[in-house]
Amino acid sequence: MEGDMSVQDREELALKLLASLPRSRLAILQQQIAPLLQFDIVGTLPTEVALQVLTYLPYQTLLVCSLISKQWQKLANDQSLWKKLCDARGWAWRQPPRFQQANATRDSYDQSDDEGIGESDEEYEDVYVESVEEAKVELTMMHAELDSGLMQLSMTSSSAAGAASKWSARYKNRTRHSAPSAVPNKNALMEPPGRRRPDYKLLHQTHIRLRNRFLTPSYRLSPLQTKGSLNSGGHTSTIYCLQLYTDPETGKQVLFTGSRDRTVREWNLTTRMVERVIDGIHASSVLSICVHNGYLASAGSDRRLALWDLKANRLVKALIEHEDSVLCVRFNDEYLVSCSKDKTVRVYSFPSLELLHVLDEHRAAVNTVSLSGSYIFTGSGDRSIRLWDANSGKVLRTFDNHHTRGIAAIDFKPPIVISGSSDRHIRLLDVTTLQGWSTNSEYTTTNITANSPLPPFPPGTSSFEAIDPLCPSCGSSVPLSANPICTAGVPGAAAIRNGAIGIGVGGDRIHTPSGRCRHRDLVRTVALGDDFVISGSYDLTIKIWDRKTGAMVADLTGGHTGRIFCIAADCTKIVSCGEDHTICIWDFSHGIDTSFLQLSSG
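Within each chain, residues carry numbers counting from 1 in the order of the written sequence. For this predicted model, a pLDDT threshold of at least 70 governs which residues receive local features, and a threshold of 80 or more governs which side-chain atom pairs are given and counted, while totals over whole chains, interfaces and linings are taken from all residues. Side-chain descriptors were evaluated using all non-hydrogen atoms of the structure, hydrogens and water having been removed beforehand.

Chemist: If you had to explain a nonpolar patch on the surface to someone new, which residues and values would you point to?
Modeler: Residues enter patches when they are more than 30% accessible in relative terms and free of salt bridges; like-charged ones are connected within 9 Å and nonpolar ones (Val, Leu, Ile, Met, Phe, Trp, Tyr) within 5 Å. Where accessible areas are quoted, they stem from the Shrake-Rupley method and a 1.4 Å probe; at the residue level, only the protein chains shown are allowed to cover. Whenever a carboxyl oxygen of Asp or Glu lies within 4 Å of a side-chain nitrogen of Lys or Arg, that contact is scored as a salt bridge. A cluster of nonpolar residues, Leu-15, Leu-18, Leu-21 and Leu-26, forms a patch on the protein surface that exposes about 320 Å² of accessible area. Counting from the N terminus, the helices are DSSP H or I runs at least four residues long and the strands are E runs at least two residues long. Along the polypeptide, Leu-18 turns up in helix 1 (residues 7-19). The exposure class assigned to Leu-18 is partly exposed, which follows from its relative accessible area of 32%. Burial classification: accessible surface area is computed with a 1.4 Å probe over protein chains only, and a residue below 20% of its type maximum counts as buried, one above 50% as exposed, and the rest as partly exposed.

Written out as structure tokens, the structure reads:
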């Protein structure tokens, strides 16, 4: 009979039947009919097409998608999606070398102190979640750490450790240590040998967790060396410079430090002992070091510049060509650049160290230099920063009066440059758009001299986004008018910043944090990361800033009793040194397995 009736006839019959039923029965039928009206478009697509659709989603949405159904969970957990997200951020999976796994179970110049700065002209394999309920638990545990304000702001909170251990319970059979761990972990030697299959969802989530550790902040502070503690073979005087370095062949990360005691030392971050001492090269303080691809360059107040082959453990070449202390040295695969109190910058070929150019346009000591490809950025006591072409030796841009006092530190990752000054402020600038932010509301203009057209920077670099600042405690947008102070977050959390806005070069906006966020003394060292800017100061503090908004997200204190001279950082930790002979490790990876993270190789 059904086959003899048209669709319209069946509709009329159904309506008559429904009309004859009481209202209570209609409500039950409505609940039963509703699922028939739902249509899973993505679920009906071929897997390849469905995955292509999901590639347009951010990671937060993928996590939510995994809660919809088992089919969606399988799609949202597909490794190709998470690998693409990791590739976009430059996050790579690290496989320890096979030999490392096999051995894993063995375990007459002026002696005055320049202090490295010149005078200014003024003076896991992923386990798929078996049910939607388990997926909800996983997502809840992730949010417990990912959401700002849900975790404590203290550096050693037992509640934070408990949350981390709960979230990681599903991975309890895995090794839990940093790579290398800033604090030795006895469980690190328990992992059986063998190569792990890349798990890009785990890799991505681990990076996000570490990023939010910096935001909260949640870290463990431990000194690698303190004054008078020489049992590890440490330095005997002020430590001016340091750098984290990961050997590209072994994957082992170490720390190099340079000191007033005229030596450079290599530290094993697992054993916390000195493994190598490079001495007999400098006649006075080692003010700057740079380590890259198996070589170490050092510069000192004895006017000397030295290049050391780390693998052969021998001196390659030493030069004395500057007329005063060499304050900073940087090199890459093509160039070595040094700057000096003699107001000049010298550019050498690498590794032959043949002099190519002498850059002499600064009017005061050149305190700092940063090198990226063939681009050189210099900062001077004359209050200017300059962008140079290493190939031609020509200055491309001059930013006069970039600070109100001399420039003490600079870091450059095209097209972004960050600078610190003796005026107690830091300033970030996109040299292509002239947008940025600073901690000084007086930085409303900059005198720019364009000596030649700015060359195109390598593809893939991202410029500063002039967006309204976000409160790092509650995550809400900070109003552009007035200067509100956010007190959202857990009880006892300090108010972090307010949000004044200044006018940048050419009318562009520059975000300017309030006075409580500024350093109180000379900013001696800065580091530019993908998400954060880190600065160290003579005021004994290290501050972490949001790279896009300029919001101060962390103020690290209590590590040093003397002026901070240098900092280095990767995604798991910050390392600092200073006048107090102390090397501090601020470990943000405690309780997290980071053995598969590929850290910067220097």
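What follows picks up the thread again.
Chemist: Now, about the packing of aromatic side chains: what can you tell me, with residues and values included?
Modeler: Each Phe, Tyr or Trp ring (for Trp, its six-membered ring) is paired with any other whose centre lies within 6.5 Å, and the angle between the two planes then decides the class: stacked below 30 degrees, edge-to-face above 60, tilted in between. Counted under the stated rule, the structure contains 13 aromatic pairs. Both rings, one in Tyr-219 and one in Trp-586, keep their centres 5.6 Å apart while their planes meet at 65°; by these two values the pair is edge-to-face. Placement of Tyr-219 in the loop between helix 11 (200-215) and strand 1 (220-225) and of Trp-586 in strand 31 (residues 583-587) is noted, with a sequence separation of 367 residues between them. With a relative accessible area of 6%, Tyr-219 lands in the buried category. Relative accessible area serves as the criterion here: at 1%, Trp-586 is assigned to the buried category.

Chemist: Which residues make up the environment of Leu-307, and what values go with them?
Modeler: For Leu-307, the location among the structural elements is in strand 8 (residues 305-309). Exposure remark for Leu-307: the relative accessible area of 0% places this residue in the buried category. Residues Leu-307 and Ile-281, spaced 26 residues apart in sequence, show a C-alpha to C-alpha distance of 9.9 Å. Contacts were defined at the residue level, with two residues in contact if any of their heavy atoms lie within 4.5 Å. Residue contacts for Leu-307: discarding those within four places in its chain leaves Tyr-295, Leu-296, Ala-297, Leu-315, Val-316, Lys-317, Phe-350, Pro-351 and Leu-353.

Chemist: An account of the packing of helix 7 (residues 79-89) against helix 11 is requested, with residue identities and associated values reported.
Modeler: Every angle, taken between N-to-C directions, lies between 0 and 180 degrees, and every axis is a line fitted to C-alpha atoms, over only the stretch in contact when it is a helix. Viewed as axis vectors pointing N to C, helix 7 and helix 11 meet at an angle of 40°, and their least axial separation amounts to 8 Å. The orientation of helix 7 relative to helix 11 falls into the category oblique. Like other packed secondary-structure pairs, helix 7 and helix 11 cross with a definite hand, here left-handed. Between helix 7 and helix 11, the residues in contact are Gln-79, Trp-82, Lys-83, Leu-85 and Cys-86 and Tyr-200, Lys-201, Leu-203 and His-204, respectively. Put simply, angles under 35 degrees are roughly parallel, angles over 145 are roughly antiparallel, angles from 65 to 115 are roughly perpendicular, and the rest are oblique. Handedness of a crossing follows from how the near helix is turned relative to the far one, being left-handed for an anticlockwise turn of less than a right angle and right-handed for a clockwise one.

Chemist: Which residues make up the pattern of salt bridges, and what values go with them?
Modeler: By the definition in use, this model includes 17 salt bridges. Here Lys-311 makes a salt bridge to Glu-249, at a shortest N to O gap of 3.7 Å. Of the two residues, Lys-311 is situated in the loop between strand 8 and strand 9 (314-319) and Glu-249 in the loop between strand 2 (239-246) and strand 3 (253-259); the sequence distance between them amounts to 62 residues. Neither residue differs from the other here; Lys-311 and Glu-249 are each classed as exposed. Glu-361 is the partner of Arg-386 in a salt bridge, and the nearest nitrogen-oxygen pair spans 3.5 Å. One end of the pair, Arg-386, is in strand 16 (residues 385-389); the other, Glu-361, is in the loop between strand 13 (355-359) and strand 14 (366-372), with 25 residues separating them in the sequence. Judged by relative accessible area, Arg-386 falls into the buried class, the value being 5%. Taking the relative accessible area as the measure of exposure, Glu-361 reaches 39% and is therefore partly exposed. In the salt-bridge network here, residues are joined through shared partners; they are Arg-89, Arg-211 and Asp-531.

Chemist: So, helix 1: which residues are in play, and what are the values?
Modeler: Between its first and last C-alpha atoms helix 1 spans 18 Å; for 13 residues at 1.5 Å apiece the expected length is 18 Å, and the two agree. Burial analysis of helix 1 places just zero of its 13 residues in the buried class, which makes it a mostly uncovered element. Helices are assigned an expected span. That span is 1.5 Å times one less than the residue count.

Chemist: Hey, could you go over the sheet that holds strand 22 (residues 447-450) for me, with residue numbers and the actual values?
Modeler: At least two bridges found by DSSP between two strands are what make those strands a pair. As summarised here, the arrangement of the five strands in space is 14-15-16-17-22, forming an open sheet in which the pairing is antiparallel. Each edge of the open sheet is held by one strand with a lone partner, namely strand 14 and strand 22. Across the sheet, the mean angle separating the axes of adjacent strands is 15° when strand polarity is ignored. Note that strand 14 and strand 15 (residues 375-380) share six bridges and pair antiparallel. Bridge assignment links Thr-368 to a residue of strand 15, and that residue is Gly-379.

Chemist: Give me the lowdown on the nonpolar core, citing residues and values where you can.
Modeler: Trp-82 and Leu-203 are the most contacted members of the largest nonpolar core, which totals 26 residues. Listed by contribution, the elements that provide at least two residues to this core are helix 4 (47-54), helix 5 (59-65), helix 6 (70-76), helix 7 and helix 11. Here this core takes five residues from helix 11, the largest share from any one element. What is meant by a nonpolar core is a set of buried Ala, Val, Leu, Ile, Met, Phe, Trp, Tyr and Cys residues, joined one to another through side-chain atoms within 4.5 Å. Listed in part, the 17 residues of the second largest apolar core include Phe-532, Ala-554, Ile-574 and Phe-588.

Chemist: Which residues make up the confidence of the model for the protein chain, and what values go with them?
Modeler: What pLDDT expresses is the predictor's confidence in each residue, scored from 0 to 100. This prediction gives the protein chain a mean pLDDT of 80; 73% of its residues lie at or above 70. Note that pLDDT drops below 50 for residues 101-109; the model gives that stretch 14 contacts with residues more than four away or on any other chain. Low pLDDT (under 50) marks residues 460-516, which in the prediction has 152 contacts with non-local residues, meaning those over four places away or in another chain.

Chemist: Give a detailed account of the side chain of Arg-213, specifying residues and quantitative values.
Modeler: Mapped onto the secondary structure, Arg-213 falls in helix 11. Counting of polar contacts relies on pairs of N or O atoms within 3.5 Å, with two restrictions inside protein: one atom must be capable of donating a hydrogen and the other of accepting it, and residues adjacent in sequence are counted only when both atoms are side-chain atoms. Here the side chain of Arg-213 touches Phe-588 through a polar contact of 2.9 Å, landing on its backbone oxygen. Among the polar contacts made by the side chain of Arg-213, one reaches the main-chain carbonyl oxygen of His-590 at a distance of 3.0 Å.

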